[in-house]
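Coordinates in review
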Amino acid sequence: MDVLTAFLLLVHLIPVSATKNAVSSKSRKRIMPDPVTEPPVTDPVYEALLYCNLPSVAERSMEGHAPHHFKLVSVHVFIRHGDRYPLYAIPKTKRLEIDCTLVANRKPYHPKLEAFVSHMSKGSGASFESPLNSLPLYPSHPLCEMGELTQTGVVQHLQNGQLLRDIYLKKHRLLPSDWTTDQLYLETTGKSRTLQSGLALLYGFLPDFDWKKIYFRHQPSALFCAGSCYCPLRNHYLEQEQHRQYLLRLKNSQLERTYGEMAKIVDVPTKQLRAANPIDSMLCHFCHNVSFPCTRHGCLGMEHFKVIKTHQIEDERERREKKLYLGYSLLGAHPILNQTVSRMQRAALGGREEIFALYSAHDVTLSPVLSALGLAEARFPRFAARLIFELWQDREKPTEHSVRVLYNGVDVTFHTSFCQDHHKRSPKPMCPLENLVRFVRRDMFLALDGSSTSYHEACHREGI
Ligand SMILES: *[C@@H]1O[C@H](CO)[C@@H](O)[C@H](O)[C@H]1NC(C)=O
Ligand SMILES: *[C@@H]1O[C@H](CO)[C@@H](O)[C@H](O)[C@H]1NC(C)=O
């Protein structure tokens, strides 16, 4: 299959999964593969198409669904940045030509695109913690820079923001119309693509927001662990996980052969090609319907792409089984989950600050959080992926609060390790906040080693 055929398949696929009739069990398949109905061999092209996450017209989502007597109290949104230019170039090939300026006559388009650009050009450094104030507020290079957010990436997050606006503001009135600075908590890593993604989502959520009321904090760590990043055992798990990856790669002779062929085409040593992580660049070609690069020795092709993508899927499968990544994730995700739980507890006690929190982040942020929550089956975070925690109050029993967890619009609350047995034990329709609190403050350490009772203790245990 060539890129064009894959693209035609995509154009056909997206509306199918977004039709009005699609029920939630159907959309669940998109993040949680269903062993009964999905083919046992995952199709690498289908998976790559989901990863691109090209904006579709009518996305269905389950955010904001609760029984009538529940009131929405706070919302905590974790996003991966939108579609971006590759982080690495394929050696000795012509640079992929993608235009990162934002223009109305290019697809995908969003009706708020021009207003977004005009609003961003009025922004001031005072709304950003240093060093964010030195970053551009929207992508603008006619030839994208490495890692730059594309128009697709901006549109994906304008769309996310508008979807959340319709549900949380219009339907549930989470924020009053005269909302204040304190009611939002905004945080991003120091890359232009995360800052710009956060701004696009915020603009879709609160169009024409008052710049004076916005303050984005800077998060230096992709794990959002600032202040609690030192954790020796987490690093130990990560090294073991990387060793597992290395061994799996060595076992895959087809993969080695493919890298060898590709290295010959671009005329560099295999090692150098592998180090350049060609799948990242090839995915960008694929998502943008640009054919893979050629040299005078031949062309990189869909067959190479499929072999590497298939290996990635296999790697994720083994990663779930071996549990080293789970160890890494439980420790890596603790600080941000702990912070989120604290914010939810303050809101549950009636606090009116930080009731909408947005963390603009990376795949390496979302992936450990998903794994730590027990959502190991969830697909790897696609471009503009969103993971949302909702806090609800039972109006009939105002001291009782519940949480919902949504990944890309799918309700995964009852797949999490802290609520998967809920229906067996309780007749309540919603998952109690206490379950999440107990998990983050205690059970996630027990899950790790059976005896640690705190993050500090778990991080400093000897060996595994
Ligand atoms: C993909 O690119 C080809 C030419 O390279 C073009 O003919 C085709 O229309 C494009 N497909 C889509 C869906 O944009
Ligand atoms: C978790 O949150 C509590 C309450 O806010 C705080 O006292 C504690 O230091 C946090 N622990 C970590 C490891 O961040």
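A brief look at the structure comes next.

Calculation notes
Residues numbered from 1 in each chain as written. Chains lettered and ligands numbered in written order. Predicted model: local features only at pLDDT ≥ 70, side-chain atom pairs only at ≥ 80, totals over all residues. Heavy atoms only, no water. Phe/Tyr/Trp six-rings, centres within 6.5 Å; stacked < 30°, edge-to-face > 60°. Buried < 20%, exposed > 50% of the residue type's maximum accessible area, 1.4 Å probe, protein only. Lys NZ or Arg CZ within 6 Å of the ring centre and 35° of its normal. Helix = DSSP H or I, 4+ residues; strand = E, 2+ residues; numbered from the N terminus. Pairing = 2+ DSSP bridges. Near = heavy atom within 4 Å. Polar contact = N/O pair within 3.5 Å; in protein donor to acceptor, adjacent residues only side chain to side chain. Areas by Shrake-Rupley, 256 points an atom, 1.4 Å probe, with all protein chains shown as cover. Nonpolar A, V, L, I, M, F, W, Y, C, P; charged D, E, K, R; others polar. Contact = heavy atoms within 4.5 Å. Axes fitted to C-alpha atoms, helices over the stretch in contact; angles between N-to-C directions. Parallel < 35°, antiparallel > 145°, perpendicular 65-115°, else oblique. Left-handed = near helix turned anticlockwise from the far one by under 90°. Expected span 1.5 Å × (residues − 1). Bend = angle between axes of the 7 residues up to and from the residue. Disulfide = S-S within 2.5 Å. Salt bridge = Lys/Arg side-chain N within 4 Å of Asp/Glu carboxyl O. Core = buried A, V, L, I, M, F, W, Y, C linked by side-chain atoms within 4.5 Å. Patch = residues over 30% accessible without salt bridge, like charges linked within 9 Å, V, L, I, M, F, W, Y side chains within 5 Å.

What follows deals with the packing of aromatic side chains. Counted according to the given criterion, the structure contains 15 aromatic pairs. With a centroid separation of 6.3 Å and 70° between ring planes, the pair formed by Tyr203 and Phe209 is classed as edge-to-face. The same class applies to Tyr203 and to Phe209, which are both buried. The rings of Phe116, Phe128, Tyr203, Phe209, Trp211 and Phe216 are connected pair by pair, giving a single aromatic cluster. Positioned above the aromatic ring of Tyr51 is the side chain of Lys309, whose terminal nitrogen or guanidinium carbon lies 5.2 Å from the ring centre. The ring centre of Tyr185 lies 3.7 Å from the NZ or CZ of Arg343, which sits over that ring.

For strand β7 (residues 386-394), a buried count of eight out of nine residues is recorded, marking the element as mostly surrounded by other parts of the structure. Pairing geometry for strand β1 (residues 70-80) and β7, over nine bridges, is antiparallel. Residue pairing across strands places Lys71 opposite Gln393, the latter belonging to β7. Counting the residues that bridge the hairpin from β7 to strand β8 (residues 401-407) gives six residues.

Before going further, it helps to examine the site of ligand 2. The immediate surroundings of ligand 2 are formed by Ser228, His334, Asn338, Ser342, Arg441 and Tyr455. Note that an oxygen atom of ligand 2 is positioned 2.4 Å from one of the side-chain N or O atoms of Asn338. Ser342 is positioned with one of its side-chain polar atoms (N or O) 3.0 Å from an oxygen atom of ligand 2. If ligand 2 stood free it would expose 360 Å²; the protein chains cover 46% of that surface. Residue contributions to the shell around ligand 2 peak at three residues, all from helix α12 (residues 324-348). When the residues that make up the shell around ligand 2 are grouped by side-chain class, the tally is one nonpolar, four polar and one charged.

Mapped onto the fold, Asp280 is located in helix α10 (residues 278-287). Among all residues touching Asp280, those that are not within four sequence positions of it are Arg84, Pro86, Leu87 and Tyr88.

To continue, consider the packing of helix α5 (residues 151-171) against helix α6 (residues 192-205). Between α5 and α6, whose axes approach to 6 Å, the crossing angle comes to 40°. Overall, the two elements α5 and α6 adopt an arrangement that is oblique. In terms of crossing hand, the pair formed by α5 and α6 is right-handed. Residues Val154, His157, Leu158, Asn160, Gly161, Gln162, Leu164, Arg165, Tyr168 and Leu169 of α5 lie in contact with α6, whose contacting residues are Ser197, Ala200, Leu201, Tyr203, Gly204 and Phe205.

Once that is clear, we can look at helix α15 (residues 433-449). Taking 1.5 Å of rise per residue, 17 residues should cover 24 Å, and α15 covers 24 Å from first to last C-alpha, within 8% of that figure. Its maximal kink placed at Phe439, α15 deviates by approximately 55°. Those residues of α15 that fall on the buried side of the exposure criterion are Leu433, Asn435, Leu436, Val437, Phe439, Val440, Met444, Phe445 and Leu448. One or two steps after α15, the chain reaches Gly450, where phi turns positive at roughly 80°.

Attention now moves to the state of the cysteines. Considering all chains together, one arrives at six disulfides under this definition. Here Cys231 connects covalently by a disulfide to Cys459, the sulfurs 2.1 Å from one another. In this structure the cystine formed by Cys231 and Cys459 twists about its S-S bond by roughly -95°; its chirality is therefore left-handed. Of this pair, Cys231 sits in the loop between β3 (216-219) and α7 (232-251) while Cys459 sits in helix α16 (residues 455-459), and the two are 228 residues apart along the sequence. Cys459 sits in the buried class, given a relative accessible area of 1%. Across the disulfide, Cys294 is cross-linked to Cys299 (sulfur-sulfur distance 1.9 Å). Its torsion about the S-S bond being 100°, the disulfide of Cys294 and Cys299 is classed as right-handed.

On the secondary structure map, His81 appears in the loop between β1 and α4 (113-120). Owing to a relative accessible area of 2%, His81 belongs among the buried residues under this scheme. At a separation of 3.5 Å, a polar atom in the side chain of His81 contacts the side chain of Arg193. Contacts of His81, omitting those with residues within four sequence positions, involve His157, Arg193, Thr194, Ser197, Ala361, His362, Phe383 and Ala384.

Here we take up the pattern of salt bridges. One pass over the structure, following the stated rule, counts 26 salt bridges. Put simply, Lys170 and Asp166 hold a salt bridge, and the shortest N to O gap is 3.4 Å. Of the two residues, Lys170 and Asp166 are both situated in helix α5; the distance of four residues between them amounts to about one turn of the helix. Using a relative accessible area of 49% as the deciding quantity, one classes Lys170 as partly exposed. Here Asp166 falls in the partly exposed class, since its relative accessible area comes to 35%. Close ionic contact of Glu256 with Arg249 constitutes a salt bridge, the shortest N to O distance being 3.6 Å.

This next bit is on the nonpolar core. Core analysis: the biggest nonpolar cluster contains 53 residues, and Leu337, Leu373, Leu387, Phe389 and Phe418 have the highest contact counts within it. Per-element accounting of this core gives the leading share, 11 residues, to α12. Discounting residues that sit within four places of it in the chain, Leu387 has contacts with His76, Val77, Phe78, Leu366, Val369, Leu370, Val405, Leu406 and Tyr407. Leu72, Val77, Leu149 and Leu358 belong to the second-largest nonpolar core, a separate cluster that totals 46 residues.

Looking now at a nonpolar patch on the surface. Taken together, the side chains of Tyr246, Leu247 and Leu250 make up a nonpolar region of the molecular surface, amounting to roughly 270 Å² of accessible area. Note that Leu247 resides in helix α7.

To describe two helices that pack against each other, one gives the angle between their axes and the distance between the axes. With their axes 7 Å apart at the nearest point, α12 and helix α13 (residues 363-372) run at an angle of 105° to one another. By the angle class used here, α12 and α13 are roughly perpendicular. Of the residues in α13, those in contact with Tyr325, Leu326, Tyr328, Ser329, Leu330, Ala333, Ile336 and Leu337 of α12 are Ser367, Pro368, Val369, Ser371 and Ala372. Across the contact of α12 with α13, the residue classes tally to 10 nonpolar, three polar and no charged.

That is the geometry; function is a separate question.
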